[in-house]
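Per-entry structural report
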Amino acid sequence: MIKHINTRAACETLDANDPLAPLRAQFALPPGVVYLDGNSLGARPKAALQRAQKVIEEEWGNDLIRSWNKAGWFDLPARLGNKLAPLIGAGDNEVVITDSTSINLFKMLAAALQMQASQPDSATRKVIVTERDNFPTDIYMAQGLAEWLDRGYRIRLVDSPQELSSAVNAETAVLMLTHVNYRSGHLHDMQAVTAAAQAHGALVLWDLAHSAGALPIDLHAANADFAVGCTYKYMNGGPGAPAFAWIAPRHHAQFRQPLSGWWGHRAPFTMQPDFAPTDGIRRALCGTQPIVSLAMVESGLDIFAQTDMQALRTKSLALTDLFIALVESRCAGQQLTLVTPRDHAQRGSHVSFAHAHGYGIMRALIARGVIGDYREPQVMRFGFTPLYTRFIDVWDAVESLRQILVDTDYEISAQQEAVT
Ligand SMILES: Cc1ncc(COP(=O)(O)O)c(C=O)c1O
Ligand SMILES: Nc1ccccc1C(=O)C[C@H](N)C(=O)O
């Protein structure tokens, strides 16, 4: 059906018939902007402003220190974790919102290695497998941890998802993967990949940065071991909002992480000199959280509570199908290469096209109010966030892209900004 859409009016009709369309009104989006970067920084829920006002004025300003109890600040990582849990197929008391994705990767990976170290085959199980194409922080954190531990851990980088089955073996301690690749938008089959790795005795850690809030996830059905992810992308938690961490309940008792701060202690206000981890998911906590930023996450989660991930996925695929079809028909012959898989089963919620002048073209798009981003090498990324992206946004983005390409209206040697 999407293939036959070839006018803006037809896109208007798709919007008029879209059951999710009313949700857009809950976001503060600037006029004249086509925002296709919710996969990097989600848009602001309108309610976040009132929430910030309340946290700052009432909870901090008036109630001061009393808010740790009265406003539930101390319990916020776990309370919001419970709100986020259904979006990733997790249960109550299995998720905390805390720290950054990088830090949570470190904690989960360290705990997984420590669990493997207590197994009889630990002397030969020393490899962390991940993808060369993974988001760099994931690889960097694994490298840093392996170096720091200095116990012979090695990182094995695979060059394609097909290589995973031969790369994971009896030497694999942890398979650490990002569910949807940040650059290509490639989506792994979580259940199949997890089962294959576990059959070799590996533990599996998923980074859900580009899939949580973008598509249905069922960590329990996949029998995953650990997961982390961002709240500032598809979940619309705000710039630098704390990340989340999930531990399969079957691992809670053995889970020990090296950042053993007082928020993970069983009785922090007894002020004991010895660390004793608390039961359950709060073991993943370290110390005091940025409460103002953490509180903002709730406004985004409250919008998800009004719909379901299946409905969002249906719209997301319609948006990405339409974008691919329109770019390929209206920008034909313009040397664009589709980087993202066409197969729905392998596609996340963003679409990437490569072009030799990708950076300059993206700058030109942004100058016209079509906001995507650029990732080396040559890749223009366009994120589709079904809570607020409209079908006419897809049309308008492709029209701007077409005009820029036809008129060569981009800077061929554009100077790159610090953040691309
Ligand atoms: C897969 C993935 N992991 C982690 C991160 C970010 O980690 P952090 O929030 O710690 O900067 C990103 C994006 O920034 C990402 O795409
Ligand atoms: N946290 C950021 C801060 C500044 C600029 C970008 C980010 C991103 O999140 C990038 C994203 N993870 C990516 O997939 O490229």
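Residues numbered from 1 in each chain as written. Chains lettered and ligands numbered in written order. Predicted model: local features only at pLDDT ≥ 70, side-chain atom pairs only at ≥ 80, totals over all residues. Heavy atoms only, no water.

A few words now on the site of ligand 1. All residues in the neighbourhood of ligand 1 are listed as Ser100, Thr101, Ser102, Phe135, Thr137, Asp138, Thr178, Asp207, Ala209, His210, Tyr232 and Lys233. A distance of 2.7 Å separates a nitrogen atom of ligand 1 from a polar side-chain atom of aspartate 207. Between tyrosine 232 and ligand 1, the recorded distance is 2.7 Å, taken from a side-chain N or O atom to an oxygen atom. In isolation ligand 1 offers 390 Å² of accessible surface; the protein chains occlude 84% of this area. Every element with two or more residues in the shell around ligand 1 is listed here: α5 (101-117) and α6 (136-149). Looking at the shell around ligand 1, its residues break down into 3 nonpolar, 6 polar and 3 charged. (Near = heavy atom within 4 Å. Polar contact = N/O pair within 3.5 Å; in protein donor to acceptor, adjacent residues only side chain to side chain. Areas by Shrake-Rupley, 256 points an atom, 1.4 Å probe, with all protein chains shown as cover. Helix = DSSP H or I, 4+ residues; strand = E, 2+ residues; numbered from the N terminus. Nonpolar A, V, L, I, M, F, W, Y, C, P; charged D, E, K, R; others polar.)

Looking at ligand 2, the residues that line it are Ser40, Phe135, Tyr182, His210, Tyr232, Lys233, Arg375, Arg381 and Val419. In the model, an oxygen atom of ligand 2 is placed 2.7 Å from a nitrogen or oxygen of the arginine 375 side chain. In the model, an oxygen atom of ligand 2 is placed 2.7 Å from a nitrogen or oxygen of the arginine 381 side chain. For ligand 2, whose accessible area on its own is 370 Å², the fraction buried by protein is 69%. Of the residues assigned to the shell around ligand 2, the class counts are 4 nonpolar, 2 polar and 3 charged. Two domains each donate at least three residues to the shell around ligand 2, and these are domain 1 (8-44 + 308-406) and domain 2 (74-305). (Domains from an automatic or database assignment.)

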